Amino acid sequence: TTAPPLRHRRRITKMVATSRLTFSLVGGVLGVGAAIIALLRTRRTNWLKQKDIRKWLDKYDTFLFDCDGVIWRGDTEIPGVPDTIRELQRLGKQVLFVSNNATKHRSQYLAKFKAMHLESVSIDQVVTSSFVASRYFVSKYGVGAKVFCVGTDGLRKEFEEAGAEVVVPPYVSETFNKSSGPAVCTEGVDHEIRAVVGAADWTLSHRKLSYAVLCLLNIKGCGFIATNRDRLFPSSDGNSYPGAGAVIGALEYCTSLKATDMGKPQPIMLDILQEIGMKKSRAIMIGDRLDTDIAFGRRGGVDTLVVLTGCTTRRQISHVLWGERVPHYGLESFAEVGKALGCLSDKGARGRRYSQEILPFQQTTSDTSSQRRRFEG
């Protein structure tokens, strides 16, 4: 047979090459798609079933608990969770409490745990963002350094016990103001203040914000510390109220400065946890927030479990397909673990309320209303 003309051979060769390239591109796209699907599946939340919980527990020696929205909500415990924690302790598990709530001193946590019959919890098992912030401040500026706190008495007490001098100027203490504009700080700011600390504050006033802004803008080298950036704070009435993020956001907006974060999801808390004996490979973080609790665990290489008793819904979780906010595991409530272990009774399954009467120290006049006197998280 006669060979096809040269121009036809060239055309056939070009068609074959084009076909091979097309198949290669299609195969590559399919391969990338399969890889993406596989990766998404690895980041999909595994919702635990009752029959799997006992086996799941054997993977971990240390349980890191967020408190607000996990153990209690406002001044009411979440049914069955304290009983479940007691059972974990009986099984020899290490239980630590890691909270972004900077409104209470750690001793207040102990009083609340005691009321829930968790008497064995020690102050060394409680790590809060206010405790971390006070340690950071003293390590950076030294014992006796002055600090101005936008926060509650619990926050100020943590800093005082760490060795800092907390400044409460008359300008902030005096709240009555007849003027139609902002109250003028006639005495000026204390230029020995080394840093301003922002946290959730139930008695937040314009004067507090003003003094903090004046310090940050007028004191050379003044530090700016955020205990946490939680946008909302869950309360026992079923609502969520503005949290520390509202205070930090206001100060950052007014000063154009960026605060140094102490709370979850920042890794500084993880460093302290490791100092008290936590092993990351055998630990799991239990929380209700994707942007703090879950991201904290993911960043630190710790497994995570989300519960739906706080600020996050199952629908919100389903919309997070990738990144540090995807939980490893999920449960409706951590009490599901107690059910699987058979440790819950009807009495333990009911939520209990606690009043301020069990607090180990008195509030000052800045927190006098009955709403402030209750446990708020």
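Scroll up to find the structure this text is about.
All of the points below concern the structure found in this document. Keep in mind it's a predicted model, so treat the numbers as computed, not measured.

How each quantity is defined
Residues numbered from 1 in each chain as written. Predicted model: local features only at pLDDT ≥ 70, side-chain atom pairs only at ≥ 80, totals over all residues. Heavy atoms only, no water. Helix = DSSP H or I, 4+ residues; strand = E, 2+ residues; numbered from the N terminus. Buried < 20%, exposed > 50% of the residue type's maximum accessible area, 1.4 Å probe, protein only. Core = buried A, V, L, I, M, F, W, Y, C linked by side-chain atoms within 4.5 Å. Contact = heavy atoms within 4.5 Å. Pairing = 2+ DSSP bridges. Axes fitted to C-alpha atoms, helices over the stretch in contact; angles between N-to-C directions. Right-handed = clockwise from strand over helix to strand, strands pointing away. Disulfide = S-S within 2.5 Å. Expected span 1.5 Å × (residues − 1). Salt bridge = Lys/Arg side-chain N within 4 Å of Asp/Glu carboxyl O. Phe/Tyr/Trp six-rings, centres within 6.5 Å; stacked < 30°, edge-to-face > 60°. Lys NZ or Arg CZ within 6 Å of the ring centre and 35° of its normal. Parallel < 35°, antiparallel > 145°, perpendicular 65-115°, else oblique. Left-handed = near helix turned anticlockwise from the far one by under 90°. Nonpolar A, V, L, I, M, F, W, Y, C, P; charged D, E, K, R; others polar.

For the chain, the count of helices and strands is 14 helices and 16 strands. Going through the 377 residues of the chain one by one, you find that 50% of them count as buried.

Counting 34 residues, the largest nonpolar core has W56, F63, F65, I71, F97, F113 and F334 as the members making the most contacts within it. Looking at which element gives the most residues to this core, the answer is helix α13 (residues 335–341), with four residues. Apart from residues lying up to four places away in sequence, F113 is in contact with C67, I71, W72, F97, L118, E119, V121 and V126. With 32 residues, the next largest nonpolar core counts V98, V147, V166 and L273 among its residues.

A separate point is the sheet that holds strand β8 (residues 165–166). Taken in spatial order, the five strands line up as β8-β7-β9-β10-β13 in an open sheet, and their pairing is parallel. Both outer strands of the open sheet, β8 and β13 (260–261), are each paired with one neighbouring strand and no more. Examined bridge by bridge, strand β7 (residues 146–150) and β8 share two bridges and lie parallel to one another. The partner of V147 across the bridge, within β8, is V166. Running at roughly 165° to β7, helix α6 (residues 153–162) makes contact with β7, β8 and β9 (193–198) of the sheet.

Both faces of the sheet carry side chains from a regular strand, because those side chains alternate between them. Burial analysis of strand β5 (residues 94–99) places five of its six residues in the buried class, the great majority of the element. Two elements, strand β2 (residues 62–65) and β5, share four bridges in a ladder whose sense is parallel. When the bridges of β5 are listed, F65 appears paired with F97. Relative to strand β6 (residues 126–128), β5 is paired through three bridges, and the arrangement is parallel. Bridging from a neighbouring strand, S99 pairs with T128 of β6. In this region the chain leaves β5, passes through helix α4 (residues 106–115) and returns to the parallel neighbour β6; the handedness of that crossover is right-handed.

On to the state of the cysteines, then. Under the defined criterion, the tally for this structure stands at zero disulfides. In this structure C185 is not part of a disulfide, and its nearest cysteine sulfur, from C215, lies 8.1 Å away. For C222, which is in no disulfide, the shortest distance to another cysteine sulfur is to C215 and amounts to 5.7 Å.

Time to look at helix α5 (residues 129–141). With 13 residues, α5 extends 18 Å from end C-alpha to end C-alpha; this agrees with the ideal 18 Å at 1.5 Å per step. Looking at α5, one finds that the buried residues are S129, S130, F131, V132, A133, S134, F137, V138 and Y141. Two residues or fewer after α5 comes G142, characterised by a positive phi angle close to 95°.

Moving on to the pattern of salt bridges. Enumeration according to the criterion identifies 19 salt bridges in this entry. For D52, the salt bridge identified is with K51, shortest N-O distance 3.3 Å. With relative accessibility at 32%, the residue D52 sits in the partly exposed group. Within this structure, D66, K264 and D293 form a network of salt bridges that share partners.

Let us look at the packing of aromatic side chains. For the structure shown, the criterion picks out 14 aromatic pairs. Taken together, a centroid distance of 5.9 Å and an interplanar angle of 70° make the contact between W56 and Y329 edge-to-face. With a gap of 273 residues between them, W56 in helix α2 (residues 50–57) and Y329 in strand β16 (residues 329–331) connect regions that are remote in the sequence. Residue classification places Y329 among the buried residues on the basis of a relative accessible area of 11%. Ring centres of F137 and Y141 lie 5.0 Å apart, and the angle between their planes is 40°; this geometry places the pair in the tilted category. Linking F137 with Y141, this pair stays in helix α5, spanning four residues, or about one helical turn. The residues F137 and Y141 share a single accessibility class, namely buried. Members of the aromatic cluster, joined through ring pairs, are F65, W72, F97, Y109, F113 and F334. Across the ring face of Y109, the terminal group of K104 is positioned such that the distance to the ring centre comes to 4.7 Å.

We now examine the packing of helix α8 (residues 206–218) against helix α9 (residues 244–255). The N-to-C vectors of α8 and α9 enclose an angle of 45°; their axes lie 10 Å apart at closest approach. Here α8 lies oblique to α9, going by the angle between them. When you trace α8 past α9, the crossing you get is right-handed. Note on element contacts: α9 touches α8 through A250, L251, C254 and T255, opposite L209, A212, V213, L216 and L217. Counted by class, the contact of α8 with α9 contains eight nonpolar, one polar and no charged residues.

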